[in-house]
Amino acid sequence: MDSQTRREAYEQRQRRRSIGIASASTAVVIATIAVLVPRAPRWDRVRKSFFDGDIFTESFPRLLEAFWLDVKIFAWSVPLIFALSLAIAVSRNTRSPALFPLRAAAVIYTDVFRGIPVILTIFLIGFGVPGLFESRAWSNPLIWGSAALVLSYSAYVSEEIRAGIEGVHESQRAAARSLGMTSTQTMASVVLPQALRRIVPPMMNSLVSLQKDVALVSLIGPVEILRQAGLDKSKFANFTPYVAAAVIFLIVTIPCTRLADYLLNRERRRTGATAVS
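Please read these numbers as outputs of a predicted model, since none were measured by experiment.

Parameters and conventions
- Residues numbered from 1 in each chain as written.
- Predicted model: local features only at pLDDT ≥ 70, side-chain atom pairs only at ≥ 80, totals over all residues.
- Heavy atoms only, no water.
- Helix = DSSP H or I, 4+ residues; strand = E, 2+ residues; numbered from the N terminus.
- Rg over C-alpha atoms; globule rule 2.2 N^0.38 Å.
- Buried < 20%, exposed > 50% of the residue type's maximum accessible area, 1.4 Å probe, protein only.
- Contact = heavy atoms within 4.5 Å.
- Areas by Shrake-Rupley, 256 points an atom, 1.4 Å probe, with all protein chains shown as cover.
- Salt bridge = Lys/Arg side-chain N within 4 Å of Asp/Glu carboxyl O.
- Core = buried A, V, L, I, M, F, W, Y, C linked by side-chain atoms within 4.5 Å.
- Phe/Tyr/Trp six-rings, centres within 6.5 Å; stacked < 30°, edge-to-face > 60°.
- Arc of directions from axis to C-beta.
- Expected span 1.5 Å × (residues − 1).
- Bend = angle between axes of the 7 residues up to and from the residue.
- Axes fitted to C-alpha atoms, helices over the stretch in contact; angles between N-to-C directions.
- Parallel < 35°, antiparallel > 145°, perpendicular 65-115°, else oblique.
- Left-handed = near helix turned anticlockwise from the far one by under 90°.
- Nonpolar A, V, L, I, M, F, W, Y, C, P; charged D, E, K, R; others polar.
- 1 Å grid on protein atoms, 1.4 Å probe; cavity = no way out; pocket = protein on both sides within 12 Å on 5 of 7 lines; lining within 4 Å.
- Points joined across faces, edges and corners; volume = space filled by probe spheres on them.

## A look at the overall build of the protein chain
(1) Moving on: Scanning the protein chain for helices and strands turns up 11 helices and 0 strands.
(2) Moving on: Along the protein chain, helices (α) and strands (β) appear in the sequence α-α-α-α-α-α-α-α-α-α-α when read from the amino end.
(3) Moving on: In terms of overall size, the protein chain is more extended than a compact globule, its C-alpha atoms giving a radius of gyration of 25 Å where 277 residues would be expected to give roughly 19 Å.
(4) Moving on: Structurally, the protein chain occupies a C-alpha span of about 80 × 75 × 25 Å along its principal axes.
(5) Moving on: The buried share among the 277 residues of the protein chain stands at 31%.
(6) Moving on: Across the protein chain, the fraction of contacts at a sequence separation of at least 24, relative to all contacts at a separation of at least 6, is 76%.
(7) Moving on: For the protein chain, the exposed surface amounts to about 17,000 Å²; the carbon and sulfur share of it is 65%.

Have a look at this one:
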C-alpha cells in the first residue's frame, strides 16, 4: 500500500512537471509571436486587411446566421452517413460466397469515393445529377450537396467501422456460434457492439472534418457561412469576414476535437494501454 502511494505521488509530481514545462514553452512561443509579428515590414497593411474590428463586428452576426445552414446540413447528413457506412462495412465483412457481388460492390464504392476529392464529388453530383431531370424541383443544391457529402464520407467512415469489426477477436465469433447463434445474430449482438465502441474516437474526428467540409456545399449555390463571408468580403473589399468565419468554425470544432481526444484517452485507459512520453 505504501509503495502504491509513493507511485501515485511520483506520477502526480511528473504530471505537475509536464504541465509546468508545457505551460512555459507555450508562453514563450506566444510571446515570441506577439513580439515578432507586429515588427513585420507590412504588418499594418495585413492588420487592416484581415483584422478590422469594425468589419468583424458588422459581419459576425450575418455569418453566425448563415452558419445555421451548415448546422442543418450536418445534422441531416450524419444519420445517413452512419447508416450507409454501416451497411457498406457489414457487406465487406460478409463471408458467404453467394454474397460476393455485394462485397465487390462495397469495395468498388469505397475505392471510388475515397479516391475522388470531396470538392470534386460535390461538383460532379451537384451540377451533373440535376441534369437528369426536367423539373426544377430536382435542382435543389442542398439536396445534391448533402448527397455528395454522404457518399464521400460514407466511404471513409465505413472503413473505420470495418476496422473496428476486424479488430474484434475471432474467438468472440466462435463463442457466439458455439451458443447456437447465427451469423446475423453474432454480427448484431456480439461483434458490432464491441466494434462500434472501439471506433468512437476516430469517428468523432471524421465528424469534425465533416463539419468543416459542409462549407464546400456553398460552391454549388447555397448561401451558408463560406458564401456569406465571400459576399461580405466583396462588400467591404476586406478579408476580415473570412477571419470571422474561421473564428466561428474554431468555436465549434475545438470542443469537438477535445471531446475526441477525451474519448481516445478513455478508450486507452479502458483497454489498459499507456501513453509513453
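## Some thoughts on the pattern of salt bridges
(1) Moving on: Applying the stated criterion across every chain yields a total of 6 salt bridges.
(2) Moving on: In this structure, the salt-bridge partner of Asp-232 is Arg-62, at a minimum N-O distance of 3.3 Å. With Asp-232 in helix α10 (residues 225-236) and Arg-62 in helix α3 (residues 53-92), this residue pair connects regions lying 170 residues apart in the sequence.
(3) Moving on: The exposure class assigned to Asp-232 is buried, which follows from its relative accessible area of 3%.

## Notes on the nonpolar core
(1) Moving on: Formed by 26 residues in total, the largest nonpolar core has its most connected members in Ile-73, Ile-81, Ile-122, Leu-149, Ile-161, Ile-165 and Leu-210.
(2) Moving on: Top contributing element to this core by residue count: helix α6 (residues 141-167), with 8 residues.
(3) Moving on: Non-local contacts of Ile-73, meaning those with residues more than four positions away in its chain, are made with Leu-142, Ser-146, Leu-149, Val-214 and Val-217.
(4) Moving on: Residues Ala-215, Ile-225, Ala-229 and Phe-249 belong to the second largest nonpolar core, which totals 9 residues.

## Some thoughts on the packing of aromatic side chains
Aromatic ring pairs are described here by two measures, namely the spacing of the ring centres and the angle between the planes.
(1) Moving on: One pass over the full model with this rule turns up 8 aromatic pairs.
(2) Moving on: For the pair Tyr-153 and Tyr-156, a centre-to-centre distance of 6.4 Å together with 55° between the ring planes defines the contact as tilted. Here the residue Tyr-153 and the residue Tyr-156 both occupy positions in helix α6, the gap between them amounting to 3 residues, near one helical turn.
(3) Moving on: Site record: aromatic cluster; members linked through ring pairs are Phe-50, Phe-239 and Tyr-242.

## Focus: helix α5 (residues 118-128)
(1) Moving on: Along α5, the residues that are buried comprise Val-118, Thr-121, Ile-122, Ile-125 and Gly-126. An end-on view of α5 places all buried positions within 110° of arc, on one side of the element. Within α5, the exposed residues directed more than 90 degrees away from the buried face are Leu-124 and Phe-127.
(2) Moving on: Looking at the buried residues of α5, the elements they touch are α4 (100-115), α6 and α9 (200-213).

## Re helix α8 (residues 183-198)
(1) Moving on: Over its 16 residues, α8 runs 21 Å from end to end, which matches the ideal 22 Å to within 8%, given 1.5 Å per residue.
(2) Moving on: Of all the bends in α8, the greatest, near 45°, is centred on Val-191, and the proline Pro-193 appears no more than four residues after it.
(3) Moving on: Of the positions making up α8, those classed as buried are Thr-186, Met-187, Val-190, Val-191, Leu-192, Gln-194 and Ala-195.
(4) Moving on: On its buried face, α8 is in contact with α3, α6 and α7 (170-178).

## Here we look at the packing of α5 against α6
(1) Moving on: At a minimum axis distance of 8 Å, the contact between α5 and α6 shows a crossing angle of 135°. One way to sum up the angle between α5 and α6 is to call them oblique. You can see that α5 and α6 cross each other, and the crossing is right-handed. Across the interface between the two elements, Val-118, Thr-121, Ile-122, Ile-125 and Gly-126 of α5 pack against Trp-144, Ala-148, Leu-149, Leu-151, Ser-152 and Tyr-153 of α6.
(2) Moving on: Across the contact of α5 with α6, the residue classes tally to 8 nonpolar, 3 polar and no charged.

## Thoughts on the layout of surface pockets
(1) Moving on: In this structure, the second largest pocket encloses a volume near 320 Å³.
(2) Moving on: Residue lining of the second largest pocket: 16 residues in total, with Asn-93, Arg-173, Ser-183, Thr-184 and Met-187 positioned closest to the centre.
(3) Moving on: Listed by contribution, the elements that provide at least two residues to the lining of the second largest pocket are α7 and α8.
(4) Moving on: In the lining of the second largest pocket, the residues fall into 6 nonpolar, 6 polar and 4 charged.

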